[in-house]
Amino acid sequence: MNAAVDWMIATAWKGIVSKCVTAHGVALIGLMCAIASGESFGQSGSIAEPNVGDRLVAEYFAAETSKLSSDLVTAGMTLPDWQAQQRRDRLRLADMLGLDPIPPRTPLQSAVVGSETLDGFRVERLHFQPMPGLYVAANFYLPEVVDEPLPTILYVCGHARSVAGDVSLGNKTAYQHHGVWFAKNGYACLIVDTIQWGEFLGDHHGTYRLGQWWWNSRGYTPAGVEAWTCIRALDYLETRPEVDAQRFGVTGRSGGGIYSWWVAALDERIQVAVPVAGVTTLHNYVVDGCVEGHCDCMFMVNTYRWDYPRVAALVAPRPLLIGNSDRDALFPLDGVNELHRQVAEVYRLYGAEENLGLVITPGPHQDTQELRVPAFRWFNHFLKGDEASIETAETEAIEPNSLRVFEELPEDERVTTIQESFVAEVHATGLASSSPQLATLGQQWMTSLADKTFAGWPTSMTTEPLNTMKISTGTAEGVQCSVYEFDSQHPYRLKFYVLESAAVPTRTRSLDMVLLDEQTWIDVAGGIAAMVPESVPGWAASTDSLRQLAERVTASPDARIALFAPRGVGLTGWSEDVKTRTHIRRRFMLLGQTADAMRIWDTRRCLQALRELGRPMDQPL
């Protein structure tokens, strides 16, 4: 997502509102600053009827997911058609990972700090820097004797905690048996640590656990760092005389599975890929709830609104084996099968069906020999032309502490703070030095707002009718409250409340709009309930809030005030549970949206309905 775009939301929104004022006489007097700041509405307790808001948002997620879950190969598509799309998609994936523009290939500053020869293989302890200060600890496994350049595997780790007291030894130690097997069977194998649970304890949990929603606003995801680490790891391997750079393979499981997808999709130096238990479909993530088991490194910032088979298809037509177990709750079998089905259609376009494989083994989400052996055979076939049976599958053979790279962590490390700099922050100052430049930038920003920040909006404000209806009216303390409903976006049929003095003719009044967040909804809902109790079910009438509303209206008897709560606020409020709300917001991100962007859509639709207030409101518009 364009880093400048979020700064532009408030300015662009003011432009939308000013047009409404000029053309229709509707003034927006209360757009909550949450929209501009990136903070979400609804962080205090919801007063919705139990489960109504959660039911509506679940229905919404299912409908939106279905829209994005279309086949990759469409009727009449040719191979040149797909290849053109594949080239465009590779650039877009880089953008969604925070790699557009691609970071400079700065010196790797690599160093081998130790080496040990064991039974039939040797292992080096080394580190390199994909960018200055972004240290990566790694172990490099080699046969005991290397006479010629070897096929080489980049092994990327899942989330495996390995510690000695208070010291993190790196998740690379938990996957050592893979490196041992490759080295004993004629490969070089580099196993690299990740941000989370490496020797440097960085974090993958910005939105999952830390509430750092600015990650998405800036266009940052730790998936991008892990992808860049893998790309630079290939750069490092190309410097090693033991490595045949024409025979690169990549594999890993769980988190390492998705990193295998990222690097194989982006970097065509990868000749063979075997991602294991690393990806499934949007339906599994969003509708079935698998997102709740995954941290942020598993996901791109889905600006272009992809389903995950589109990522997988970027590997075609290179040899690809997809591995999974049949009872993996994080990567359910139905989603893995669907992903494979769609990717198989792409391989058929290439006439390369023999380069795609699927292996499903019994078991849960675990690193099993049943999954490893087919991966070994796949690499042997495509990187060595070896069809022999696999005689052994190694287990851990090395004391974990001996694989530790850093005795002391360097003071200039940026691993633990990489989220602050990997995608540059853009400031409003200094972007333009003249009015023409500002006008040009403004048009570019507006285009970015439409194409990226608000890409999840429906295509047109006029495609679907509003079906606005006046549903109720009540009066108290000299204030009349009229309640209207309109269709914003399926399944959301939302209410707004028009307050006015009961003594002054309606036609003489202006109309102001107040957009409510959860707290302001709580402040006014009791007063509305006192006038039209059926319009706010489950909310007790409050004389205090009624008095506040009456004072507000009678202070300006020539004005009408419209109160509006968008989705997820008030009557459509979501669960009060913090974890549930967190994963609702993460689901929006997976769909290429944000909760607040869709609330702005609701507000625009409400403004459309308000513009019609001069017409009879007891009939559909």
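Right, let's walk through the structure included here. Not measured: the values here are computed from a predicted model. (Residues numbered from 1 in each chain as written. Predicted model: local features only at pLDDT ≥ 70, side-chain atom pairs only at ≥ 80, totals over all residues. Heavy atoms only, no water.)

**A closer look at the nonpolar core**
By size, the foremost hydrophobic cluster in this structure holds 157 residues, and its most contacted members are Leu93, Tyr141, Leu190, Trp261, Trp262 and Tyr308. It is helix α7 (residues 222-237) that contributes the most residues to this core, 10 residues altogether. Ignoring any residue separated from it by four or fewer positions in sequence, one finds Trp261 in contact with Pro275, Gly278, Val279, Val311, Ala312, Val315, Leu320, Ile322 and Leu339. Counting 25 residues, the second-largest nonpolar core is a separate cluster that includes Cys481, Trp521, Met531 and Val536. (Core = buried A, V, L, I, M, F, W, Y, C linked by side-chain atoms within 4.5 Å. Buried < 20%, exposed > 50% of the residue type's maximum accessible area, 1.4 Å probe, protein only. Helix = DSSP H or I, 4+ residues; strand = E, 2+ residues; numbered from the N terminus. Contact = heavy atoms within 4.5 Å.)

**Observations concerning helix α16 (residues 578-590)**
For α16, with 13 residues, the first-to-last C-alpha span of 19 Å sits near the 18 Å given by 1.5 Å per residue. Within α16, 10 of the 13 residues are buried, which leaves it mostly tucked inside the rest of the structure. Within α16, the full set of buried residues consists of Arg581, Thr582, His583, Ile584, Arg585, Arg586, Arg587, Phe588, Met589 and Leu590. The inward-facing, buried residues of α16 contact α3 (52-68), α6 (214-218), α9 (282-287) and α17 (595-611). Two to three positions downstream of the cap, the backbone nitrogen of Lys579 sits 3.3 Å from a side-chain oxygen, assigning the N-cap of α16 to Asp577. Note on α16: the residue one or two positions beyond its end, Gly592, has a positive phi of about 75°. (Expected span 1.5 Å × (residues − 1). Polar contact = N/O pair within 3.5 Å; in protein donor to acceptor, adjacent residues only side chain to side chain.)

**Observations regarding the sheet that holds strand β3 (residues 121-128)**
Read from one edge of the open sheet, 9 strands run β2-β3-β4-β8-β5-β9-β10-β11-β12, paired in mixed fashion. Two strands in the sheet have a free side with no partner beyond their single neighbour: β2 (111-118) and β12 (356-361). Ignoring which end each strand starts from, the neighbouring axes of this sheet average 15° apart. Sheet topology places strand β5 (residues 150-156) next to strand β9 (residues 243-253); 6 bridges connect them, and they run parallel. Pairing of Leu154 across the sheet is with Val250, part of β9. Sitting on the sheet, helix α5 (residues 176-184) touches β3, β4 (136-143), β5, β8 (188-192) and β9, and the angle it makes with β4 is about 30°. Along the sheet face, α7 touches β2, β3, β4, β5, β8, β9 and β10 (270-276) and points at about 155° away from the line of β5. (Pairing = 2+ DSSP bridges. Axes fitted to C-alpha atoms, helices over the stretch in contact; angles between N-to-C directions.)

**Topic: the packing of helix α14 (residues 518-531) against helix α15 (residues 543-554)**
Where α14 contacts α15, the axes come no closer than 7 Å and their chain directions differ by 90°. One finds that α14 runs roughly perpendicular with respect to α15. Across from Asp523, Val524, Gly526, Gly527, Ile528, Ala530 and Met531 in α14, the residues of α15 making contact are Ser545, Leu546, Gln548 and Leu549. Broken down by class, the residue content of the contact of α14 with α15 amounts to 6 nonpolar, 4 polar and 1 charged. (Parallel < 35°, antiparallel > 145°, perpendicular 65-115°, else oblique. Nonpolar A, V, L, I, M, F, W, Y, C, P; charged D, E, K, R; others polar.)

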